[in-house]
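Secondary and tertiary structure notes
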Amino acid sequence: MVEIAATRRSQEAQLLDVASQLAQIPEVAGGSITNNAGGAPGYDPVRIGAAVRARGLTPNVHVTCVGQDRNGLRKMLEDIHSLEIENVFAMTGDFPKSDAAAGVFDLDSVQLVHMIDELRQAGNPYWIAVAVSPFKYAEPDCVYQYLKLKKKIAAGANYAITQLGYDAKKFRELKRYLDDNVGPFPVLGNVYVLKGRVAEKMANGDLPGCWISPELQTLVKRESQDADRGLMARLERAARMVAILRGLGYAGAYLGGTHDAGDIRWIIRRAESLQPRWEELAEELTFAPERAFYIYKPGAPTSANRGILPRLLDTLVKLFPVNRDGGLRRFLASIFGWIDRKPALALTLERLEAAIKSPLFGCQSCGNCVLGCMEYVCPQTCPKQMRNGPCGGASNDGKCEVEEKPCIWAPIYERAKAANEVDRLSAYIPPPDRSLRGTSSWINYFLNRDVRPGNAHSLILLSAIKPPATINLKSPVKTAPAEKSGLLP
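Residues numbered from 1 in each chain as written. Predicted model: local features only at pLDDT ≥ 70, side-chain atom pairs only at ≥ 80, totals over all residues. Heavy atoms only, no water.

Judged by side-chain charge, Arg-9, Lys-97, Arg-197 and Lys-201 come together as a positively charged surface patch. Residue classification places Lys-97 among the exposed residues on the basis of a relative accessible area of 54%. (Patch = residues over 30% accessible without salt bridge, like charges linked within 9 Å, V, L, I, M, F, W, Y side chains within 5 Å. Areas by Shrake-Rupley, 256 points an atom, 1.4 Å probe, with all protein chains shown as cover. Salt bridge = Lys/Arg side-chain N within 4 Å of Asp/Glu carboxyl O. Lys, Arg positive; Asp, Glu negative; His and termini not counted. Charge placed at Lys NZ, Arg CZ, Asp CG, Glu CD. Buried < 20%, exposed > 50% of the residue type's maximum accessible area, 1.4 Å probe, protein only.)

What follows concerns the environment of Tyr-413. The residue Tyr-413 is located in helix α15 (residues 409-418) in this model. Among the residues examined, Tyr-413 registers a relative accessible area of 5% and is labelled buried. Once the C-alpha coordinates of Tyr-413 and Met-374 are considered, the two residues, 39 residues apart in sequence, prove to be 8.8 Å apart. Filtering out sequence-adjacent residues up to four positions away, Tyr-413 remains in contact with Glu-139, Pro-140, Val-143, Tyr-144, Val-422 and Leu-425. (Helix = DSSP H or I, 4+ residues; strand = E, 2+ residues; numbered from the N terminus. Contact = heavy atoms within 4.5 Å.)

A few words now on the pattern of salt bridges. Considering all chains together, one arrives at 27 salt bridges under this definition. With its nearest N and O atoms 3.0 Å apart, the salt bridge here joins Lys-170 to Glu-173. Within this pair, Lys-170 and its partner Glu-173 are both found in helix α6 (residues 168-181), separated by 3 residues, close to a single helical turn. No difference in accessibility class separates Lys-170 from Glu-173, as the two residues are buried. It is possible to trace a salt-bridge network through shared partners that takes in Glu-236, Arg-240, Arg-270 and Glu-284.

Okay, α6 next. With 14 residues, α6 ought to run about 20 Å at 1.5 Å a step, and its terminal C-alpha atoms sit 20 Å apart, in line with that. Among the residues making up α6, those that are buried are Ala-168, Lys-170, Phe-171, Glu-173, Leu-174, Lys-175, Tyr-177, Leu-178 and Asn-181. Elements in contact with the buried residues of α6: β5 (127-132), α5 (139-155), β6 (159-162), β7 (187-192), α9 (231-248) and α11 (278-284). The opening residue of α6, the one whose side-chain oxygen lies 3.0 Å from the backbone nitrogen of Lys-169, is Asp-167. Within two residues after α6, Gly-183 carries a phi angle of roughly 110 degrees, on the positive side. (Expected span 1.5 Å × (residues − 1). Polar contact = N/O pair within 3.5 Å; in protein donor to acceptor, adjacent residues only side chain to side chain.)

Inspection of the secondary structure puts Asp-106 in the loop between β4 (87-91) and α4 (109-121). Judged by relative accessible area, which is 8%, Asp-106 ranks as buried. Here Arg-70 takes part through its side chain, which lies 2.7 Å from a polar atom of the side chain of Asp-106. Reaching out from Asp-106, the side chain makes a polar contact with the side chain of Arg-434 at a distance of 2.8 Å.

Quick look at helix α13 (residues 327-340) now. Here α13 is 14 residues long and its end C-alpha atoms lie 20 Å apart, about the 20 Å a rise of 1.5 Å per residue gives. Residues Arg-329, Ala-333, Phe-336, Gly-337 and Ile-339 constitute the buried set of α13. Down the axis of α13, the sector holding all buried residues measures 155 degrees, keeping them to one side. Of the residues in α13, the exposed ones pointing more than 90 degrees away from the buried face are Arg-330 and Phe-331. Along its buried surface, α13 packs onto α14 (343-361) and α16 (441-446). (Arc of directions from axis to C-beta.)

Counting 113 residues, the largest nonpolar core has Leu-22, Leu-77, Ile-80, Tyr-166 and Leu-194 as its most contacted members. With 9 residues, the top contributor of residues to this core is α9. Among all residues touching Leu-77, those that are not within four sequence positions of it are Val-63, Val-88, Met-115, Ile-116, Leu-119 and Tyr-126. By size, the runner-up hydrophobic cluster in this structure holds 10 residues, among which are Phe-89, Trp-127, Tyr-159 and Tyr-254. (Core = buried A, V, L, I, M, F, W, Y, C linked by side-chain atoms within 4.5 Å.)

Note that all results are geometric; they support no functional claim without further evidence.
In structure tokens, the structure reads:
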């Protein structure tokens, strides 16, 4: 699959000419149409996708949560279906660079997959791709990427596409993790034709989720001094990566960084000739940090500290089990129900709750509190308001893609690990009911108004069509029949 970067740097006519040329290459299964790539606004991916399809190339339209709420996303998906496009790439998306206010993030990528699967069960034949980044070199980031991928698969994803990296050990790690924990599940490996200017941006952290080592940056810079400005060197590297992916058993390659049909043909042919040497080539593709975490590589145990507050709150829940039906919960429900019928009292309670929770957790009064599901870290403190795991944009030193602060998901993982409850992080957290913003989550909790795991109201609110299908993550994933499989066989 070839990525067609639908950015404003290219004319629409150029993009469509690219599609026409790619359609003539038998090995190219489709063109993947970007949406808000790198946080910069681009062309409407649905319109470009329809035009690409008219030129004989199967489009894979990126659907991101950046600029539309759940209603707008549903409308976009219905438009995609009306144009008889079946392949979608469900992602949270990069934060807008020029206008932070344009970032909506009403859903995260896992919740988006749930929505698409609901529409699919209603008769829209979507084939869903999702992203995963194995190229995370700190334990919390790495493990959480895989936990989140399992959530996406359970929600209905059909295949995954990796984010960018140049480390064969990580490609191997992801494949093994899926084989061990999910079963047969198709993955495309990201192969980017890396130019010097782009390498510099990645090294500086200007492109979220894309990281290259200083060694690789130096190598690419040196190659750019060649007579062809490094063209053959970068095409050779891409071809080697395609050969490695094929040897590892990946379903295919996701090729970016070039729209040139001639270059793509060369990469495909060269990869075929390199195939017998794939294991040797894999040993050479090792651009990673010095202290890199690998799931299957023994290393020094990492420290994990739960902290006093989570332990204290867990103890209170055990002493006062309000999270299950019983006399105490029914008594409190009657008290909060009485307060709810007194608007002035309800407002006072909401202000009291905010006064307590804001300094402790950064509470923003969303009305759908899931602190207990997230090791007492508020998801509203994430600029993208993620509830099911981190995006792929955090840097390798754990810094947020958007703000100069640590990513909130590292302490969530570390606390769960300290409590020996990492598996609990696999629970799906549905999107909040935004109409409850500014109301007391205590009232909403005891009156079952909020949206959270385990609340029957959540299923009614979020699955108006029918509940999304789930799978047994210990058994092979069932995929659609071949005739409905979209881009993959």
